[in-house]
Amino acid sequence: MIALVDYGAGNVGSVLKAVEYLGFPAEVAGTAAQLDRADKIILPGQGHFGSMLTALAERGFLDPLRKKLEQGTPYLGICLGLQALYEKSEEAPGIAGLGLIEGTVLKFRQLEKVPQIGWNQLQMRRGSRLFHFIQDGSFVYYCHSYYAPVVSETVAVTEYGETYATGIEKANVYAVQFHPEKSGDVGLQVLKNFLKL
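Position numbers for residues start from 1 in each chain and track the written sequence from start to end. In keeping with the model being predicted, local features are shown solely for residues with a pLDDT of at least 70 and side-chain atom pairs are shown and tallied solely at 80 or more, while totals for entire chains, interfaces and linings include all residues. Working from all heavy atoms in the structure, the side-chain values ignore hydrogens and water.

Peer 1: Help me get a handle on the overall build of the protein, residues and values and all.
Peer 2: Across its full length, the protein holds 5 helices and 13 strands. Radius of gyration means the value over C-alpha atoms here, while the globule rule gives 2.2 Å times the residue count to the 0.38 power. Taken over the C-alpha trace, the protein has a radius of gyration of 15 Å; the compact-globule value for 197 residues is 16 Å, and the two agree within 12%. Viewed in the frame of its principal axes, the protein has a C-alpha envelope of about 45 × 40 × 30 Å. Each residue is placed in one exposure class: buried if its accessible area under a 1.4 Å probe, protein chains only, is under 20% of its type's maximum, exposed if it is over 50%, and partly exposed if it falls in between. Burial status across the protein gives 52% buried among its 197 residues. The contact definition used throughout considers only heavy atoms, calling two residues in contact when any of these lie within 4.5 Å. Partitioning the contacts of the protein with sequence separation of at least 6, the portion at a separation of at least 24 is 68%. Helix and strand definitions follow DSSP, with helices as H or I runs of at least four residues and strands as E runs of at least two, each counted in order from the N terminus.

Shown next as structure tokens:
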């Protein structure tokens, strides 16, 4: 079963529709107990870093989520679901992320237009299971004011004032900064690649 984590915000509905459109059964997980049955986990994050991590903690998701990731369950983080993998974010000083990726999520600076809303290009860094069949330079859809720094686990980047990580792969953990459910055929292919792992 594919579990979409519902912490009270995020793009759960549209991601669920995209997954079902691709022909995969999925379930919205509103409780941590539902994660126990999950073969794959998708965290469609949206909004504020601190609010999301706080909501995940209050709903009892954090420890079960960490346990499932340690057990090797494939995870796909979307938007804030990618940023949550880092140790912390400038958006919420004092609120710890999952800490699976070293570093701090940063705020875009010296740009006329923040948040970045709209289409931008992917730049592939190396071979990737998540971006299989995706051409370098493909456009995908973004909506964010903070960005994840490039790290060794980065498989794709995007330029918007800064060069930042838009695709992460680390063992069973995958994540994208863009919204695949809003990114047309490219986004659907990324989702399909994850769902077929």
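Peer 1: Which residues make up the pattern of salt bridges, and what values go with them?
Peer 2: Each salt bridge in this description consists of a side-chain nitrogen of Lys or Arg and a carboxyl oxygen of Asp or Glu lying within 4 Å of one another. Under the defined criterion, the tally for this structure stands at 3 salt bridges. Measuring nitrogen to oxygen at the nearest pair gives 2.7 Å for the salt bridge that ties R37 to E27. Taken together, the residues R37 in the loop between β2 (26-29) and β3 (40-45) and E27 in strand β2 connect sequence positions 10 residues apart. For R37, a relative accessible area of 48% corresponds to the partly exposed category. Salt-bridge contacts for R66 lead to D63; the nearest nitrogen and oxygen are separated by 3.9 Å. In this pair, R66 and D63 both sit in helix α3 (residues 62-70), 3 residues apart, roughly one turn of the helix.

Peer 1: Talk me through the nonpolar core; I want residue IDs and the actual numbers.
Peer 2: If you look at the biggest cluster of nonpolar residues, it comprises 35 residues, and the most contacted ones within it are L35, L56, Y75, L85, Y86 and I168. Sorting the residues of this core by element identifies β1 (2-5), β3, α2 (49-58), α3, α4 (80-83), β6 (101-107), β12 (162-170) and β13 (173-176) as the ones contributing at least two each. Broken down by element, this core gets its largest block of residues, 5 residues, from α2. Apart from the residues within four sequence positions on either side, L35 is in contact with A3, V5, A29, I41, F61, P64, L65 and K68. Among buried residues, those of type Ala, Val, Leu, Ile, Met, Phe, Trp, Tyr and Cys that are joined through side-chain atoms within 4.5 Å constitute a nonpolar core. Ranked by size, the runner-up nonpolar core spans 30 residues in total, among them V12, I78, F178 and L195.

Peer 1: Provide a residue-level description of the sheet that holds strand β4 (residues 75-79), including the pertinent values.
Peer 2: Taken together, 8 strands build an open sheet; the order of strands is β2-β1-β3-β4-β13-β12-β11-β8 and the sheet is mixed. Every interior strand has two partners, whereas the edge strands, β2 and β8 (123-124), have only one. Relative to strand β11 (residues 154-160), β8 is paired through 2 bridges, and the arrangement is antiparallel. Each bridged residue has a counterpart across the sheet, and for M124 the counterpart in β11 is A156. Paired strands are those between which DSSP finds at least two bridges.

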